[in-house]
Amino acid sequence: MARILVKNGRVWDGKSFFFADVLTNDKLIEKIAPNITDSANYVFDAKKKIVSAGLVDIHVHLKGLASDAFGVGAEISSFPFGVTAVNDAGSVQGDRALLDYLLVKNTVFVCASIRQNHANFDAAEKGLERYGDKAIGIKVYFDKSENVCDITPIKEACAYAKNRNLKVMVHCTLSPTPMVEIVNALSEGDILTHVFHGGENSCLFNNFEALKLAKEKGVILDLGLAGNVHTDFLNFKKSVEAGFLPDVISTDITCLSAFKRGGRYGMTMCMSIAKHLGMGEEDIFKAVTSSAAKSLDKENEWGYLKVGKSADLAVFDYTNEPFDLTDKSGNRVKNDLGYKCILTILDGQIVYKN
Ligand SMILES: [Zn+2]
């Protein structure tokens, strides 16, 4: 029964920041308190660092689940960034056995394709069978590039999901309709990803009307940053300035985005960019822990540091960790400082140490 003691850190438990030590015992958190003096197999000094609940990335594309052109290795894209739980958003292959084999904790959203402006659920049906209760939602690609012309396929996807008690995640980066129509079709707890995209009908339209409605309805706004591809950094900045923060920060990491100029792409870079564009530290950590877990209905298992719960945690420094990205509109974000993951613990075991 190994015990790990993380001392002197600024703890983020999913709700607030405070100074404390954290002691694990086997797979669980045993104590969170100041000045813990119990003996441990390993002691880590987290002075001047953040000790957070393990991060939850709700939008990833993993090797073996995503199409072969996109998938990135599950553990290499999560543990070095403090991520201990992921949601594969739009799974098209693999099965329950593969999900159980992965070390990183996981759920999936099956993929509903769109043909001739109608949602098609053939692949989704098969996915729901193959993944069992790990499949908690469907992902729909609502995009002009998929020959979509109006809101019909979203309405069909929402009806399908409601009948099966599934969540809906909508990918939209080039919308044929105002974003507010998408939000209108979604229900509380459904997810709009790439919310600050720079394509047609972006979130800026009509004084952020879509974001306002989403906040009223409880539709979840997911950053889905996607490196320099699906987020317009100026739209993100303007939204933050107007008080419309993303509820969740996710990476949309693929094997294409995993390596980027000025750093290795992952959750910590997304957090660094969010800070660079004006988000506060509390809002950032909420968006990658408790709010992210809640968006997957997993708040009882993931997203919090709590005595008696799984010992999933990570230590972060804000230090010399540069990033330098330019989006499709030519907006550049560049900073020498950024979040860096120093230590990741999953079920009481060290799975990454920098
Ligand atoms: Zn994606």
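Description of the overall build of the protein
Then step 1. Each helix and strand counted, the protein has nine helices and 18 strands in total.
Then step 2. Projected onto its principal axes, the C-alpha positions of the protein cover 65 × 40 × 35 Å.
Then step 3. Among the 354 residues that make up the protein, the fraction classed as buried is 54%.
Then step 4. Taking the intrachain contacts of the protein between residues at least 6 apart in sequence as the baseline, contacts between residues at least 24 apart amount to 71%.

Topic: helix H3 (residues 152–163)
Then step 1. With twelve residues, H3 ought to run about 16 Å at 1.5 Å a step, and its terminal C-alpha atoms sit 17 Å apart, in line with that.
Then step 2. Of all the residues in H3, the buried ones are Pro-153, Ile-154, Ala-157, Cys-158 and Ala-161. For H3, the angular spread of buried residues about the axis comes to 135°, placing them on one side. Structural note: H3 exposes Ala-159 and Asn-163 on the side pointing more than 90 degrees away from its buried face.
Then step 3. Buried positions along H3 lie against strand S8 (105–115), strand S9 (118–120), strand S10 (135–141), strand S11 (167–171) and helix H4 (179–185).
Then step 4. Backbone geometry just after H3 places Asn-165 at a positive phi near 60°.

Some details on the nonpolar core
Generally speaking, nonpolar side chains in soluble globular proteins are found buried as a group.
Then step 1. Membership of the largest hydrophobic core comes to 116 residues, with the highest contact counts inside it found for Ile-138, Val-140, Val-170, Ile-182, Leu-192 and Val-288.
Then step 2. When we break this core down by domain, the ones giving at least three residues each are domain 1 (4–52 + 308–322 + 339–353) and domain 2 (56–295).
Then step 3. Apart from the residues within four sequence positions on either side, Ile-182 is in contact with Phe-142, Ile-154, Val-170, Cys-172, Ser-175, Thr-177 and Leu-192.

Focus on the pairing of strand S1 (residues 4–12)
Then step 1. Examined bridge by bridge, S1 and strand S4 (residues 42–45) share four bridges and lie parallel to one another. The residue bridging Leu-5 from the neighbouring strand is Val-43, located in S4.
Then step 2. Between S1 and the antiparallel strand that follows it, strand S2 (residues 17–25), lie four residues; Gly-14 among them carries a positive phi value of about 105°.
Then step 3. Two elements, S1 and strand S5 (residues 50–53), share three bridges in a ladder whose sense is parallel. What sits directly across from Trp-12, in S5, is Ser-52.

Considerations on unusual backbone geometry
Then step 1. The backbone of Asn-117 sits at a positive phi, close to 65°, despite the residue not being glycine.
Then step 2. Along the chain, Asn-117 falls in the loop between S8 and S9.
Then step 3. A positive phi angle, close to 50°, is found at Asp-347, a residue other than glycine.
Then step 4. One can find Asp-347 in the loop between strand S17 (332–346) and strand S18 (349–353).

Examining the domain arrangement of the protein
Then step 1. Taken as a whole, the protein is organised into domain 1 (4–52 + 308–322 + 339–353) and domain 2 (56–295).
Then step 2. Contributing elements (two or more residues each) for the side of domain 1 that touches domain 2: strand S16 (313–326), S17 and S18.
Then step 3. In terms of residue count, the dominant contributor to the side of domain 1 that touches domain 2 is S17 (five residues).
Then step 4. Here the residues of the side of domain 1 that touches domain 2 are counted per class, giving ten nonpolar, three polar and four charged.

Thoughts on helix H5 (residues 205–217)
Then step 1. Between its first and last C-alpha atoms H5 spans 18 Å; for 13 residues at 1.5 Å apiece the expected length is 18 Å, and the two agree.
Then step 2. Those residues of H5 that sit buried are Phe-208, Ala-210, Leu-211 and Ala-214.
Then step 3. On its buried face, H5 is in contact with H4, strand S12 (191–193), strand S13 (220–221) and helix H6 (233–241).
Then step 4. Two residues or fewer past H5, Gly-218 is found with a positive phi of approximately 80°.

Focus: the environment of Leu-305
Then step 1. Among the structural elements, Leu-305 can be located in the loop between helix H9 (290–295) and S16.
Then step 2. When the 24 C-beta atoms within 10 Å are taken as the criterion, Leu-305 is described as buried.
Then step 3. Remark: the alpha-carbon pair of Leu-305 and Ile-32, spanning 273 residues in sequence, is separated by 8.5 Å.
Then step 4. The residues contacting Leu-305, other than those within four sequence positions of it, are Val-11, Asp-13, Gly-14, Val-22, Ile-29, Ile-32, Ala-53 and Leu-313.

Cut-off values and rules
Residues numbered from 1 in each chain as written. Predicted model: local features only at pLDDT ≥ 70, side-chain atom pairs only at ≥ 80, totals over all residues. Helix = DSSP H or I, 4+ residues; strand = E, 2+ residues; numbered from the N terminus. Buried ≥ 20, exposed ≤ 12 C-beta atoms within 10 Å, placed from the backbone. Contact = placed C-beta atoms within 7 Å. Expected span 1.5 Å × (residues − 1). Arc of directions from axis to C-beta. Core = buried A, V, L, I, M, F, W, Y, C linked by C-beta atoms within 7 Å. Domains from an automatic or database assignment. Pairing = 2+ DSSP bridges. Nonpolar A, V, L, I, M, F, W, Y, C, P; charged D, E, K, R; others polar.

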